Amino acid sequence: MMSCTLLNPKKRLFLCLLVSLAFFLVVDTSSQQHLEAKKKLMREKVRQMFYHAYDNYMTYAFPHDELKPLTKSFTDSLSELGNLKLEHLPTDYNGSAVTLVESLSSLAILGNSSEFEKGVRWLSDNLKFDIDARVNLFECNIRVLGGLISAHLLAIDPTNRLIQGSYNNQLLRLAEDLGKRFLPAFETPTGLPYAWINLKNGVMENETTETSTSGCGSLILEMGALSRLTGDPRFESAALRALRQLWRMRSSLDLLGTTLDVVTGEWLEYSSSIGAGVDSFYEYLLKAYILFGKEDYWQMFSSAYLASQKYFRHGPWYHEANMWSGKPTYWQLTSLQAFWPGLQVLAGDIAAANSTHREFFYVWEKFGILPERYLLDHQMIHPTMKYYPLRPELAESTFYLYQATKDPWYLDVGEAMVKSLNLYTKVPGGFASVRDVTTMQLEDHQHSFFLAETCKYLYLLFDDSFVAKRNYIFTTEGHPIQVVSSWHEKVPKSYFSGNWTLSKRGAWESGAN
C-alpha cells in the first residue's frame, strides 16, 4: 500500500482526505447500524411488555374493565374513574371491557391484525351502553369514545388491512350511541357539561355542578370526529359551545382556573397551571386546530400558551399561579405536566421542550420512576403523593422530541424507562402501579392507559413506521386520529414556530370570543 508521504503535496492531501472521508463513512455506517440494532431490540422489549400486560388482562380480567395484576383478578372501574369518594357506584355493572377498547389502536400499531379483528368482533356483538352506571364524562370520552372512534378509523383504512372479514361500521355505531348518551350533560345554562352522567338515565338528581377545566374543555377531538363521521352536528356543537364558554371565562391575563360551576359559570379554584385539571385543555386547542383547521382554535391556543410561558414558567420548570393576579401559588411538579414538552414540539418550541423534558427525566432518574407530585421549592416528594400509576406522559414527550430532533439521547431515555418499568412494576400477573416510589411498594392496579399510551409511545419511539405512513394526531389518551383535509374548514396556515418565550405578546392577542 502506497504511503501518503511518497506523493507530492497536492496528491498527498487529496488522498488523505479520501482516506479520512472513507473512515468517517465507515464509522457513520457502523454507528447507524448499531442504532438500528438497538431500536429493533428495544422495540421487541416494549412489544413483550405490551403483551405481558394484554395477555394477563385477557386471561384474568376480560371482559371487565381493568386488571388487578397482583391478585390476578379484575376491577369494573369505569364508574370509579375520577370518583375519588367512590360515590353512587352501580350495583349490577359488570364492566365494559375498557382495557380491550383502549388496546385496539395499540394492537393495530403493533401490526396484530388478527387480535384487532377479534376484539372488534367481540365488542360489536357484546358491548352495550344502556347500563345504569354513573360515569365521568371526561374519562369515558377519552377512553371509550376515543378508543372506539380511533379503532373505527383504523378498521376502515384500506392500507392497514386490519379486517379480513366484513366490517359494517359497528364501532362507529357504538360510538354514536355513547355520544348521544353524553348530550344530556351539556344541558346547562352555560353550556358547560356536568362532570358526571348516568349512561342510562342521564344527569342524576342533585348531581354535583363542579367540574374541571380539562373536564369540560377536552371533548372537542372525540366529539368533533364523531360529528364528522356520522354527519350529526350535535356532538361537535356541544363540545365547541362548552370550549368557547370556557374561553370567555378566562381572566384578563388569559389564564383559566382549575375548577368551576357548570350552572353559575363561576370559578371555584383560582389556581391555574399546566397540570391536573387544566392540562388537556391546552392540548386539545392545538390538536383541534391541526385536525379541523378552525382558526379560532389556533387563536385560543397561542394566547393561552404565551400566558403559560409568562406566568408559570420558571427556568425549565412550571409552577402554578393565581388566574387573576398571575402570582405563584404552588411550586410543584406533577407527573401529568410531563406531557407539556410533547405539546411544545407540536407548537414548534423545541428548545423549551427539550429543557423541561430533561428536568422531568432528572426526577425520574433520581427516584427510579416519576412520583405523582414533587415539591420544587423543597426538592422533595409530596408526602402524600408518592405514587406512580404507570403514567405515559414522559414517554409521550420523549417520542415527540425524538421525532423532532432524531437525537439518540432520547432513545437512551426510553431505554431507561423500559428498564425501570420492567424492574419495578412487572409482576407475573401484568404490570402493577407503584404506591410509594421511595419503597417501590406496589398497588394492585394495571390502568388501561398503560396499554393505550405508555406501551404505545415507547413502541413508537423505537419504531415509527406507523406514523411514517400517515399524519395523525393522538388524543390525550393516545388514540390516533388521521388528519385529513376533508375535515378542515380550510388548510391551516403556517404558524410561528420560533422561540415562543422571546416573542412579543402583543403580536398574538386572541381574537376568539
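Residues numbered from 1 in each chain as written. Predicted model: local features only at pLDDT ≥ 70, side-chain atom pairs only at ≥ 80, totals over all residues. Heavy atoms only, no water.

Attention shifts here to the overall build of the protein. Check the secondary structure of the protein and you find 16 helices and 20 strands. Classification of the 513 residues of the protein by burial places 60% in the buried group. Looking at the protein alone, contacts between residues at least 24 apart form 71% of all its contacts between residues at least 6 apart. Carbon and sulfur atoms make up 52% of the accessible area of the protein, which amounts to about 21,000 Å² in all. (Helix = DSSP H or I, 4+ residues; strand = E, 2+ residues; numbered from the N terminus. Buried < 20%, exposed > 50% of the residue type's maximum accessible area, 1.4 Å probe, protein only. Contact = heavy atoms within 4.5 Å. Areas by Shrake-Rupley, 256 points an atom, 1.4 Å probe, with all protein chains shown as cover.)

What follows concerns the side chain of K39. When you line up the elements, K39 lands in helix 1 (residues 9-60). Once residues within four sequence positions are removed from consideration, K39 is found in contact with Y402, L411 and F462.

Right, let's talk about the sheet that holds strand 7 (residues 267-269) for a bit. Overall, antiparallel pairing links the three strands, which are arranged 5-6-7 in an open sheet. In the strand order of this sheet, the two ends are held by strand 5 (210-212) and strand 7, each with one partner. Adjacent strand axes in the sheet meet at a mean angle of 35 degrees when their direction is disregarded. (Pairing = 2+ DSSP bridges. Axes fitted to C-alpha atoms, helices over the stretch in contact; angles between N-to-C directions.)

What follows covers the pattern of salt bridges. Tallied over the entire structure, the rule returns 22 salt bridges. Salt-bridge contacts for R43 lead to E44; the nearest nitrogen and oxygen are separated by 2.9 Å. Residue classification places E44 among the partly exposed positions, given a relative accessible area of 26%. A single network of salt bridges, built from pairs that share partners, joins R43, E44, R47 and D463. (Salt bridge = Lys/Arg side-chain N within 4 Å of Asp/Glu carboxyl O.)

Contact pair helix 13 (residues 393-405) / helix 15 (residues 449-462): the axes reach a minimum separation of 8 Å and the direction vectors enclose 20 degrees. As judged from the angle between their axes, helix 13 and helix 15 are roughly parallel. In the packing of helix 13 onto helix 15, the handedness of the crossing is left-handed. Here A395, E396, T398, F399 and Y402 of helix 13 come into contact with helix 15, specifically with T454, Y457, L458, L460 and L461. Here the residues of the contact of helix 13 with helix 15 are counted per class, giving seven nonpolar, two polar and one charged. (Parallel < 35°, antiparallel > 145°, perpendicular 65-115°, else oblique. Left-handed = near helix turned anticlockwise from the far one by under 90°. Nonpolar A, V, L, I, M, F, W, Y, C, P; charged D, E, K, R; others polar.)

It is worth spelling out the sheet that holds strand 13 (residues 373-375) at this point. Ordered by their spatial adjacency, three strands build an open sheet running 12-13-14, and the pairing between neighbours is antiparallel. The two strands at the open ends of the sheet, each matched to only one other strand, are strand 12 (332-334) and strand 14 (380-381).

The next point concerns the packing of aromatic side chains. Considering all chains together, one arrives at 25 aromatic pairs under this definition. For the ring pair F301 and Y305, a centre distance of 5.5 Å and an interplane angle of 25 degrees mean the geometry is stacked. Of the two residues, F301 and Y305 both sit in helix 10 (residues 295-311), four residues apart, roughly one turn of that helix. Judged by relative accessible area, which is 0%, F301 ranks as buried. The buried category is assigned to Y305, whose relative accessible area is 0%. Here the aromatic residues F281, Y282, Y289, W298, F301, Y305, Y318, F339 and W340 are joined through ring pairs into a cluster of three or more. Residue placement shows R134 over the ring face of W196; its charged tip is 4.2 Å from the ring centre. The side chain of R358 reaches across the aromatic face of W409, ending 4.0 Å from its centre. (Phe/Tyr/Trp six-rings, centres within 6.5 Å; stacked < 30°, edge-to-face > 60°. Lys NZ or Arg CZ within 6 Å of the ring centre and 35° of its normal.)

Here we take up the environment of A108. Checked against the element boundaries, A108 lands in helix 2 (residues 98-109). Along the sequence, A108 and A151 sit 43 residues apart, while their C-alpha atoms lie 8.3 Å from each other. Residue contacts for A108: discarding those within four places in its chain leaves F116, L154 and L162.

Turning to the pairing of strand 17 (residues 433-436), a few remarks are in order. Bridge count for strand 17 against strand 18 (residues 441-443) is three bridges, and the pairing is antiparallel. Looking across to strand 18, one finds that V434 is bridged to L442. Once strand 17 ends, the chain turns through four residues before running back antiparallel as strand 18, passing M440 with a positive phi of about 60 degrees.

Moving on: the environment of D377. Within the secondary structure layout, D377 lies in the loop between strand 13 and strand 14. For the pair formed by D377 and H319, sequence separation is 58 residues and the distance between their alpha carbons is 9.9 Å.

Okay, the nonpolar core next. In terms of nonpolar packing, the biggest core is built from 157 residues, with L104, F116, L148, L171, I220, Y282 and Y297 touching the most fellow members. Ranked by residues supplied to this core, first place goes to helix 4 (residues 137-156) with 12 residues. Contacts of I220, omitting those with residues within four sequence positions, involve A225, E236, A239, L240, L243, Y284, A288, F292 and Y297. (Core = buried A, V, L, I, M, F, W, Y, C linked by side-chain atoms within 4.5 Å.)

Structurally, E266 is set in the loop between strand 6 (259-261) and strand 7. Considering only alpha carbons, one finds E266 and E210, 56 residues apart in sequence, at a separation of 9.8 Å.

This part covers the confidence of the model for the protein. On average, the protein scores 91 in pLDDT, and the residues at 70 or more come to 88%. The low-confidence segment residues 501-513, where pLDDT is below 50, has 31 contacts with residues more than four positions distant or belonging to other chains. (pLDDT = per-residue confidence, 0-100.)

In terms of burial, helix 7 (residues 220-230) is largely enclosed, as eight of its 11 residues are buried. Once helix 7 finishes, G231 follows within two positions and takes phi at roughly 80 degrees, a positive value.

Closest axis-to-axis distance for the helix 7/helix 9 (residues 279-292) pair is 10 Å, and the angle between their directions is 20 degrees. Comparing the axis directions of helix 7 and helix 9 gives the class roughly parallel. Once helix 7 is placed against helix 9, the crossing between them reads as right-handed. Touching I220, L221, E222, G224, A225 and R228 of helix 7 are Y284, K287, A288, L291 and F292, all from helix 9.

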